[in-house]
Amino acid sequence: MDKSTQRRALSVPHTSPQESQPHSCILCVSPQTCPGSGAQQVFRSEPRNLTVRSGATAVLKCELLRASGTVQWVKDGLLLGPERSLPGFPRYTMIGNLRRGQYNLKIENVQLEDDATYNCQAGRSESSEPIISDLASLNVLIPPSEPYFEMDTLQYWVAGRKYSVICVAPDAKPEAEITFYKDGEELTGAESFTMSGSADKLLNTRAQVTTKARSSDNGRQLLCQAKNSAHSSPVRATMTMNVYFPPQPPVILGLERQEVRAGTVLVLECMCQSGNPLANLQWTKDGEVVLKTWEEDPVAHMSRSVLSLRIRPADNQAVLSCESVNLVSVEPQSVSRNLTVIFDPAEVKLLGSFVAIAGEELILNCFATSSNPPVQIRWWLGNRELNSTAVVMEEGENGGMTTLSNLTHRVSKQDNGMKLSCVAFNRGTKVSKTQRAEVIVYYPPQNVWIDGPSQDVPLLAGTKIRLVCFSTGGNPPGNLIWYKNGRPAPNAFRPTLFDKGVTRELPLVLSASDNMAVYQCDATNEAEKTISAQIRLQVHFPAISMKITANSEPLYRGHTVTLECNSGSSNPKSNISWSLGTQRFQGVDRPHRKAEYGGFSVSSLLPLNLSSQLHNQRVICQSYSAELPEGAKTFFKLNVLYPPEFTPNQPTQIQVVEDDRASIPLLVSANPEEVSCVWLHHRETLLRGDLGYLWNMFFTLEIENVTRKEAGSYKVECTNEEGVGHTTIMLDVLYAPSVKAERDPVYVNLGDTADLICVADANPIISDMFSWKWLVRGEEEVEMGEEIQEDESSLLTIHCTANNGIATPATADVQLVVQFKPVIQKGAQWRKVASRGDGTSTAELVCRAEGIPNVDFVWEKNNMLMDFNNPRYEQRTVRDGSFHTSTVHVLNVSALLDYAVFSCTACNPLGDDKLDIQLVSTNHPDPPSSFRPVSVSYDSVTLEWIPGFDGGLPQRFRVRYFWDKSVSFLYMDVFPPGEATFTVGGLLPNTTYNFSVNAINAIGESGYADNNAVLTITTVGQLGVTLDPYSTWLMQNSLPAYLTVVFTVVFGVLLLVNSLGCFFGRKWRKNANDRAISPHRSTQSTVSNKYESREKINKAAQRTLLIDSGSETESNLYESYGLYIKEPVTHSLSHSYTSVRRHWRQGEGKCLAQGHNDSVYRRDSKPQPSDHETTRSTLCVYTLI
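The paragraphs below set out a description of the structure included in this document. By convention here, each chain's residues receive numbers from 1 onward along its written sequence. Under the rules for a predicted model, residues below a pLDDT of 70 receive no local features and side-chain atom pairs below 80 are neither given nor counted, while totals for whole chains, interfaces and linings still include all residues. Side-chain measures were taken over the full set of non-hydrogen atoms in the model, leaving aside hydrogen atoms and water.

### Overview of the overall build of the chain
Check the secondary structure of the chain and you find six helices and 98 strands. Relative accessible area decides the class of each residue, using a 1.4 Å probe on protein chains only: under 20% of the type maximum gives buried, over 50% gives exposed, and in between gives partly exposed. In the chain, which comprises 1185 residues, the share counted as buried stands at 42%. Here, two residues are considered to be in contact whenever any of their heavy atoms come within 4.5 Å of each other. Considering only residue pairs separated by 6 or more positions, the chain has 67% of its internal contacts joining residues 24 or more positions apart. Carbon and sulfur atoms make up 49% of the accessible area of the chain, which totals about 63200 Å². Each helix is a run of DSSP H or I of at least 4 residues and each strand a run of E of at least 2, with the numbering of both proceeding from the N terminus. Each accessible area is a Shrake-Rupley result for a 1.4 Å probe, and residues are judged covered by the shown protein chains and nothing else.

### Quick notes on the state of the cysteines
Count a disulfide wherever a pair of cysteine sulfur atoms falls within 2.5 Å. All told, the structure shown has nine disulfides when counted by the stated rule. What pairs with C270 in a disulfide is C322, and their sulfur atoms sit 1.8 Å apart. On the sign convention where negative means left-handed, the S-S torsion of about -85 degrees between C270 and C322 marks this disulfide as left-handed. Residue C270 is found in strand 24 (residues 265–273), and its partner C322 is found in strand 29 (residues 319–325); the two are separated by 52 residues along the sequence. Relative accessible area serves as the criterion here: at 0%, C322 is assigned to the buried category. What pairs with C758 in a disulfide is C800, and their sulfur atoms sit 1.9 Å apart. With C758 in strand 73 (residues 754–763) and C800 in strand 76 (residues 795–802), the pair connects residues that are 42 residues apart, well separated along the chain. Unpaired in this structure, C272 has its nearest cysteine sulfur neighbour in C270, at a distance of 7.0 Å.

### Quick notes on the sheet that holds strand 26 (residues 288–291)
Any two strands between which DSSP finds at least two bridges are classified as paired. Across the sheet, which stays open at both edges, the four strands sit in the order 26-25-29-30 with antiparallel pairing between neighbours. A strand with exactly one partner marks an edge of an open sheet, and here the two such strands are strand 26 and strand 30 (333–338). Across the sheet, the mean angle from the axis of one strand to that of its neighbour is 30 degrees, orientation sign disregarded. Inspection of the sheet shows strand 25 (residues 280–285) paired to strand 29 by six bridges, in the antiparallel sense. Note on definitions: angles span 0 to 180 degrees between N-to-C directions of axes, and those axes are lines fitted to C-alpha atoms, for helices only across the stretch in contact.

### A few points about the packing of aromatic side chains
Within a pair of aromatic rings, the relevant descriptors are the distance that separates the centres and the angle that separates the planes. Only the six-membered ring of Trp is used, alongside the rings of Phe and Tyr, when aromatic pairs are assigned; centres must lie within 6.5 Å, and planes under 30 degrees apart are stacked while those over 60 apart are edge-to-face, with the rest tilted. Within this structure, the stated rule accounts for twelve aromatic pairs. Summarising the aromatic geometry, the rings of F962 and F969 are spaced 4.9 Å apart at their centres and angled 90 degrees between planes, so their arrangement reads as edge-to-face. Overall, F962 belongs to the partly exposed group, its relative accessible area being 27%. A ring pair is formed by W963 and Y993, whose centres lie 6.1 Å apart and whose planes are at 40 degrees; its orientation type is tilted. Placement of the pair is W963 in the loop between strand 88 (956–962) and strand 89 (970–973) and Y993 in strand 91 (residues 992–1000), with a sequence separation of 30 residues. The same class applies to W963 as to Y993, namely buried. Pairwise contacts between aromatic rings join Y961, W963, Y993 and F995 into one cluster. Between K413 and the ring centre of Y443, over which it is positioned, the NZ or CZ distance is 4.4 Å. Counted as over-ring charges are cases with an Arg CZ or a Lys NZ within 6 Å of the ring centre that also lie within 35 degrees of the ring normal. Taking NZ or CZ as reference, R960 lies 4.0 Å from the ring centre of Y1008, over its face.

This is the structure we're talking about:
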């Protein structure tokens, strides 16, 4: 009911008609004088208590007789209103026949909120008192909502355990009755109680029952059913019971027999039925797990695991088990099978020696390793079976048996080389293994003889001969051994077999010991019997030894010594001669005597006068005989003692580069060689251990990282036990130049002269040691005389380089700073800034100027100084060399306050410059400008333009073109956006096109470039030809096709001639530059990527001329002077380099340029007296405007 319609019920005591009759009877004379001309209104029918289900329609009756007052219904004391439609209660209406006084209350789709007490009342009228009916209750029945289980329905149960099941039937009126069913069977013993529901008058019923889980319950339904009088059909909730229970014992399939042959693959299957969850299976062998994988078949409710096992002998008597278990198993269940493996012996061995001397016995064993069952062993010699002596069987590995068979057999010569076999047979596997060996029977050789030179002819020592021993018969063939005088002879060749025996050669190089020596060859083998042969040799040999002795030692310079030479045994007798270098001497011979090996010994004496030159010389004594082609000799090395002496090759001057290692050799000889040398430098003694000085074992002085301080004379005094020696050595240290600038940087104003001076210290000093270079754009070096491109920097770095050929040239950088007044960068993009004036955006005003010294900025807004204390304005200045950038940020741009002209003034002590920047609203972009063609080919045209102001938003460009056969204009968007060069492709050859370009941003688009100008371009008609814009313009004229071709050919020839003319012209100008200076002005400009104004910041002409005058090496000190300037200096550092001739005018202290009168750069040299190697060079710079 609406609050505006709520009214309290009329409070009138209700009495029965009989009680009120005496008080309500009034006698009225006339209807006009009686206020209640009608009768009292009364109820014919009053509402009664009513019970109805939720959603049904309820009707409460109220009928009145003589109704005269306003009739209303009251719900729980609240008036519902007199209207029959009962506004505010869409489901409530008063129905019935008004003439009959029916005011029945109809409630549709009864809800819980309708459960209340109702009465009907009629208000006071002129003819009747108010009346109120009895209270009637409307009881609304609400069926329970869907019941639910108060438990985890996904939780599994374990068979055999008891579980409590709780079910709740919510929001019922009256309370619901709950019944439990398990697989259709009602569960008894449930307990329930009620509690408040989700709303007033609603009740929740909570019931609990205890049940025991069984394996058969798995997968079955548990039902909770709730109902009350509100509905005949109950509501239900179900859950599926997940009952875990252990599996059945497993079963093994696939092992029909317990005996399995080794090497086979045994496939066994383990199956386990039932269980929830299905069983986990694993295989074990002798308690160790061998397989943990299995498969589950939910349909058959079975687990299955297949074991594939390759049987080995080690598996004999093994126990294979399959175990099954799941989450609720108390312990694993298993089934086992025992394996019996039949296997062959792994190895059959023949033991014992198969070699014997004829007539001896062989004692052999045949052993078979473990097998199941044990093997049977038989012996065979060739095709003849031998009887074994004994057989022994023992327990072996893997539960098998080993077998050992013994054999004793007496051999004969005929048994040699026959095969002896041992055969082991396994009755279980029906497999036999055989082991064979060859029988070897030994017997001695029969004949031995020697083939060699005749014993009666003498042989010379050093002669190579061969003694060959032969032997026949025997098994094995005889082993031949050579002996010399009863001792084994070395170097004999290996024996060589032939069809009937063996031979062995003894090579000999005859020596003195072979004279009258006896050589013997013995033949023997394993039969232990030896036969021999002998031969004796005669040998002529020189002396076997030479020895020289002195009559006195030690030997001193100036003394005389006598040497004796003794010659050892020789055959025949020898003679002795002496020599020293190329000199030959005749000594004094003594009588000869007999010596070893049947030879003779002789001796001789030689006297010598000693000098230092004879030290370490060899005196040679030679023994010779006319019957021998060569003799023997020895030497005696003279050890002559003398004081230190310096050789004639001792250097007196050493040159070395600074920082290298200086090695000053000391070529001194002395005996004894233990020489101590003292070095003196600048009259100071150099001591071992001094920093930087090293002496090696050859008396060489080494100076690490030598410096110019170590230069000069070094005096050396060497001493040994015999005396003292002296010498002097000069050390000349060469070092690379070191260069420094006398002033850096050098500041110069426009119109002034700059003197750049650098000084170099070097050794040696050579002519043309100095050179000057420019550093262009901070990185590229340019020689003087070369032409360079224009550069907009005001800082010039000049390299002064000194090079005397030692190490790396030295360079000093001198920075020339040209001071000039500020010049602001200007152009279309610099003069406008766009921003939304909505108070939320920020505008950035940039003012960039070049100038030296530092530039300061002053900002004005509408010709009034800006106050940067205002938080809406932020100003920041950045300096990069000569470039200075001032940036002003205008915060929260307002169209009313900030759309104005901002003025930036850049100033320094030399002047100022000014730029006006207009802050405007974001708008469509300005049209591009300078629209022109770049190149033309047969199917494409490359165009170029300068972007205009972008309107404050990112802009892109669109090319429009058409030709005479096109239906309408064609458009191409330039990509990447913002590029100012674009190639239009896909064109037709020899076709005329009209091109235009405009700019587009987010707001709109500009007009077409250059006041809607149209470029008319004709593509060429030949593949592979690209024309420049001028050629394209020629083709745009209305000429016949053949004339177009003629013009194209002629123009190509002219281009070629022009190129050749430029080439030779440039070459001629380069030669002319050697005679005169020709200033050039560069006209090339670079389009900025950001600001396409194509304007230089400094518009002054920029050119500087440099002239290198070099230096003359007339003394160790050089000084340069500059020329004088005629023109003011410009701040630009782009130059055209020109060389001029110059000469030195003695005595005037200046250098003059010849052949040109313009302002130039020159470097002059002037000698200065100095006591050290220092060079000075001055660079004068003159710049032209």
